[in-house]
Amino acid sequence: MEITERQYEYALQRIEELLPIVDDSMAVDDPRVVELTMVSDVVCEYEKVHYPIAKPTVGELINLSLQERKMTQKELAQQIGISPSRVNDYINGRAEPTLKVARAICLILGIAPAAMLGL
């Protein structure tokens, strides 16, 4: 079933109204808990179609992880044993790391290997 924008907007409004009322101590069959679950599903389905989230590129993963760890490209390059310009090439999409380098980047920056492989 196709969810309309009007249904989506209504579901968002109901979520805002229900969130302060519903808590973990309530029974799963409480009507408010059931309604919150249902309207949340409506929002999720609508957003999957109309606001899909693209998977980040290798460069975006590296850049974000560097920022989170307050690390520089130079520091990452030194730990891996490659040039800082090569790290910059990965970040800007001019080159892809080899599997060996990708593995090292994942270990150093805490990136899930599946994310690095685009899975």
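Please refer to the structure higher up on the page.
Scope of this entry: the structure provided in the associated data block. Within any chain, residue numbers begin from 1 and follow the written order of that chain's sequence. Local features in this predicted model are restricted to residues whose pLDDT is 70 or higher, and side-chain atom pairs enter the listing and the counts only when it is 80 or higher, whereas totals over whole chains, interfaces and linings include all residues. To obtain the side-chain values, all non-hydrogen atoms of the structure were included, while hydrogens and water were left out.

All right, on to the side chain of Asp30 then. Runs of H or I in DSSP of at least four residues are treated as helices and runs of E of at least two as strands, each being numbered from the N terminus. Following the sequence through the fold, Asp30 ends up in the loop between helix 1 (5-18) and helix 2 (31-50). Taking relative accessible area as the criterion, Asp30 reaches 16% and is therefore assigned buried. A distance of 2.8 Å separates the side chain of Asp30 from the backbone nitrogen of Arg32, its partner in a polar contact. When accessible area is computed with a 1.4 Å probe and restricted to protein chains, residues below 20% of their type maximum are described as buried, those above 50% as exposed, and intermediate ones as partly exposed. Here a polar contact is recorded for every N or O atom pair within 3.5 Å, except that within protein the pair must consist of a potential hydrogen donor and a potential acceptor, and residues adjacent in sequence are included only if both atoms are side-chain atoms.

Here the focus is the nonpolar core. In this structure, Ile62, Leu66, Leu76, Ile105, Leu109, Ile111 and Met116 are the most contacted members of the largest nonpolar core, which totals 19 residues. The set of elements that each furnish at least two residues to this core consists of helix 3 (58-68), helix 4 (73-80), helix 5 (84-91) and helix 6 (99-109). No other element matches helix 6, which puts five residues into this core. Residues enter a nonpolar core if they are buried and are Ala, Val, Leu, Ile, Met, Phe, Trp, Tyr or Cys, with the set joined through side-chain atoms within 4.5 Å. By size, the runner-up hydrophobic cluster in this structure holds 12 residues, among which are Val22, Met26, Leu36 and Val39.

On to the environment of Ile80, then. As for its position among the elements, Ile80 is in helix 4. When the C-alpha positions of Ile80 and Ile105 are compared, they lie 7.3 Å apart, and in sequence the two are 25 residues distant. Two residues qualify as a contact provided that any one of their heavy atoms is within 4.5 Å of a heavy atom in the partner residue. Every residue in contact with Ile80, bar those within four places of it in the chain, is listed here: Val101, Ala104, Ile105 and Ile108.

Attention now goes to a nonpolar patch on the surface. Patch membership needs two things, relative accessible area over 30% and no salt bridge, and members are linked within 9 Å if like-charged or within 5 Å if nonpolar (Val, Leu, Ile, Met, Phe, Trp, Tyr). Here the open area of atoms and residues is found with the Shrake-Rupley method and a 1.4 Å probe, where only the protein chains shown may cover a residue. For salt bridges, the criterion is a side-chain nitrogen of Lys or Arg within 4 Å of an Asp or Glu carboxyl oxygen. A grouping of Leu99, Leu117 and Leu119 is seen on the molecular surface, where their side chains present a nonpolar patch of about 400 Å² in accessible area. Residue placement: Leu117 occurs in the segment after helix 7 (113-116). For Leu117, a relative accessible area of 58% corresponds to the exposed category.

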